[in-house]
Amino acid sequence: MEKFDVVIIGAGASGLFCGTNAAYRGRKVLVLDHANKAGKKILMSGGGRCNFTNMDASPKHFLCHNPHFCISALKRYTPSDFVELVDRHALDYVEKTPGQLFCKDSAKDLLSILLTELEWSGAELRLNTSVKSIDWQEQGAKLTINQNNTQTDIQCESLVIATGGLSIPSMGATGFGYEIAKQVGHSVYPTRASLVPITAQPDRKAQLAELSGVACDIEATAGGTVFKEPMLFTHRGVSGPAILQITNFWQPGEPLKIHIAPELTLESLVKTREEQPKKTVENYLANELPKRLVELMRTELTWLSQKFAQVSNEQLESLVHYLSNFDVAPNGTEGYRTAEVTLGGVDTNEVSSKTFESQKQKGLYFIGEVLDVTGWLGGYNFQWAWASGFAAAQFV
């Protein structure tokens, strides 16, 4: 029987990083994954360029039923620490919006760094390997694993669950980590797809599909939280940064407010009427909003073809109301198929915020997305992967 100090299930961001840092401490480490490649979600994230951290990452950017849980790890391993690592490997990266760091060329460059570090540390990586059973013993765990149809038993002192959530099942995501947690008595908060596009109800979907590919600036509001970022119309509904962000705070059936072009107020429209009375409202809006969106608006506000001089205050108020309560008729979300993260997960009240060890089973650790910790869009979830992986690596 093979023996390891540490076995990590999951060769994603948190698992690879934890494995490297544990092995650098002199631990004998094995990282397992049932997929045929490591870091599949790293490769496809950020449009293939991976938004690998956010320099502004702080606890306020994370959702957790126990909001104090992530403070310690985020302080112990910061965005600057990760940037120092990629700088040592001469990664070319760019800052998109303030704080958001992306690979300049390809996420492959970042994954290459993580795999190089894993190799240098002496940790072992086995792919195409599934875990058939876990038996807890006095000195740790005995795992029965299957690699290329060959079954083997291995032992370890520390077992780390870095299996992620349910997002993007086509990349191999499963609920394995939640099952392990429940087997040893952990509470698991209900999960749902998040940072995900919103679908529209059938009638509205057909109208909005005509705008597919069109983007505009909006304010999205749900649950008392507001995001002012772009929205993108799709064939199925709406997406874009503002929509993805708000799905951390919105669930189907709850109110969702979409305010298009918040700068277009009643005051600004009245002023335009005074200064450009001969201009049609439609032509004015075409300079402020995407043309195809204005065409949709004209089918619902037929008077937009009139000149400003002919338009009453009541009509301008109706335009402002239309924009500030734009009806996307939300039906639901696109689900785990396209979600960037899974909201919910292993209850952090039952996990040490210092060591990430389970309080239900000695020698069992949880890191990354499998925990009930979800970051905003913008590199925060990767920073959580690095921080939680690093923190656990100091104790496994």
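If you're wondering where the values come from, they're calculated on a predicted model, not measured in any experiment. (Residues numbered from 1 in each chain as written. Predicted model: local features only at pLDDT ≥ 70, side-chain atom pairs only at ≥ 80, totals over all residues. Heavy atoms only, no water.)

Kindly report on the overall build of the protein, identifying the contributing residues and their values.
Along the protein, the regular secondary structure elements total 13 helices and 20 strands. On the principal axes, the C-alpha backbone points of the protein span a range of 85 × 40 × 40 Å. Within the protein, buried positions represent 54% of all 396 residues. At a minimum sequence separation of 6, the contacts of the protein that also span at least 24 residues come to 72%. For the protein, the exposed surface amounts to about 17200 Å²; the carbon and sulfur share of it is 47%. Where the 37 positive side-chain charges of the protein centre and where its 43 negative ones centre are 2 Å apart. (Helix = DSSP H or I, 4+ residues; strand = E, 2+ residues; numbered from the N terminus. Buried < 20%, exposed > 50% of the residue type's maximum accessible area, 1.4 Å probe, protein only. Contact = heavy atoms within 4.5 Å. Areas by Shrake-Rupley, 256 points an atom, 1.4 Å probe, with all protein chains shown as cover. Lys, Arg positive; Asp, Glu negative; His and termini not counted. Charge placed at Lys NZ, Arg CZ, Asp CG, Glu CD.)

Would you mind going over the packing of helix H1 (residues 13–24) against helix H13 (residues 380–393) in detail, with residue names and values included?
If you want to describe how two helices pack, look at the angle between their axes and the distance between the axes. With their axes 8 Å apart at the nearest point, H1 and H13 run at an angle of 30 degrees to one another. Seen along the crossing, H1 lies across H13 with a hand that is right-handed. Across the interface between the two elements, Ala 13, Ser 14, Phe 17, Cys 18, Asn 21 and Ala 22 of H1 pack against Phe 382, Ala 385, Trp 386, Ser 388, Gly 389, Phe 390, Ala 392 and Ala 393 of H13. Its residues placed into classes, the contact of H1 with H13 shows 10 nonpolar, 4 polar and no charged. (Axes fitted to C-alpha atoms, helices over the stretch in contact; angles between N-to-C directions. Left-handed = near helix turned anticlockwise from the far one by under 90°. Nonpolar A, V, L, I, M, F, W, Y, C, P; charged D, E, K, R; others polar.)

Run through the environment of Tyr 322, naming residues and quoting values.
Residue placement: Tyr 322 occurs in helix H12 (residues 313–324). Tyr 322 sits in the buried class, given a relative accessible area of 13%. C-alpha of Tyr 322 to C-alpha of Ile 260: the two residues are 62 residues apart in sequence and 8.7 Å apart in space. Dropping the residues within four chain positions of it, Tyr 322 is found in contact with Arg 204, Leu 296, Met 297, Glu 300 and Leu 301.

Mind laying out the layout of surface pockets, listing which residues take part and the relevant values?
Of the pockets and cavities examined, the second largest pocket occupies roughly 160 Å³. Taken together, Leu 16, Phe 17, Thr 20, Asn 21, Tyr 24, Tyr 77, Asp 81, Glu 84, Leu 85, Arg 88, Leu 114 and Glu 117 form the lining of the second largest pocket. At the level of elements, H1, helix H4 (79–88) and helix H5 (107–121) are the ones that each hand at least two residues to the lining of the second largest pocket. The element best represented in the lining of the second largest pocket is H1, accounting for 5 residues. Residue composition of the lining of the second largest pocket, grouped by class: 6 nonpolar, 2 polar and 4 charged. (1 Å grid on protein atoms, 1.4 Å probe; cavity = no way out; pocket = protein on both sides within 12 Å on 5 of 7 lines; lining within 4 Å. Points joined across faces, edges and corners; volume = space filled by probe spheres on them.)

Break down the sheet that holds strand E16 (residues 257–260) for me, with residues and values.
The antiparallel open sheet is built from 6 strands, whose spatial order is E16-E13-E14-E15-E12-E17. Edge strands, defined here as strands with exactly one partner in the open sheet, are E16 and strand E17 (330–333). Pairwise comparison of adjacent strand axes, ignoring direction, gives a mean angle of 40 degrees for this sheet. As paired strands, strand E13 (residues 215–222) and E16 are joined by 4 bridges and run antiparallel to one another. Counted as the bridge partner of Thr 221 is Lys 257 from E16. (Pairing = 2+ DSSP bridges.)

Give a detailed account of the side chain of Arg 126, specifying residues and quantitative values.
Turning to its location among the elements, Arg 126 is positioned in strand E7 (residues 124–126). Residue Arg 126 is classed as buried on the basis of its relative accessible area of 10%. Those residues within four positions of Arg 126 in sequence are excluded, and the remaining contacts are Glu 2, Phe 4, Leu 30, Val 31, Leu 32, Asp 33, Ile 145 and Gln 147.

Describe in detail the pattern of salt bridges, supporting the description with residues and values.
Going through the model one piece at a time under the given rule, you end up with 10 salt bridges. In this structure, Arg 298 engages Glu 282 in a salt bridge whose closest nitrogen and oxygen atoms are separated by 2.4 Å. Residue Arg 298 is located in helix H11 (residues 291–300), and its partner Glu 282 is located in helix H10 (residues 281–288); the two are separated by 16 residues in the primary sequence. Using a relative accessible area of 34% as the deciding quantity, one classes Arg 298 as partly exposed. For Glu 282, a relative accessible area of 17% translates into the label buried. Glu 334 serves as the salt-bridge partner of Arg 337, at 3.2 Å between the closest nitrogen and oxygen. One connected set of salt bridges, linked through shared partners, spans Glu 2, Glu 124 and Arg 126. (Salt bridge = Lys/Arg side-chain N within 4 Å of Asp/Glu carboxyl O.)

Mind laying out the nonpolar core, listing which residues take part and the relevant values?
Within the largest apolar cluster, 77 residues are counted, with the highest numbers of intra-cluster contacts made by Phe 52, Phe 82, Leu 110, Leu 143, Leu 371, Trp 384 and Trp 386. With 9 residues, the single largest contributor to this core is H13. Sequence-distant contacts of Leu 143, that is, excluding residues within four places in its chain, are made with Val 7, Ile 9, Val 131, Ser 133, Ile 134, Thr 152, Asp 153, Ile 154, Cys 156 and Leu 159. With 43 residues, the next largest nonpolar core counts Leu 256, Ile 258, Leu 296 and Leu 316 among its residues. (Core = buried A, V, L, I, M, F, W, Y, C linked by side-chain atoms within 4.5 Å.)

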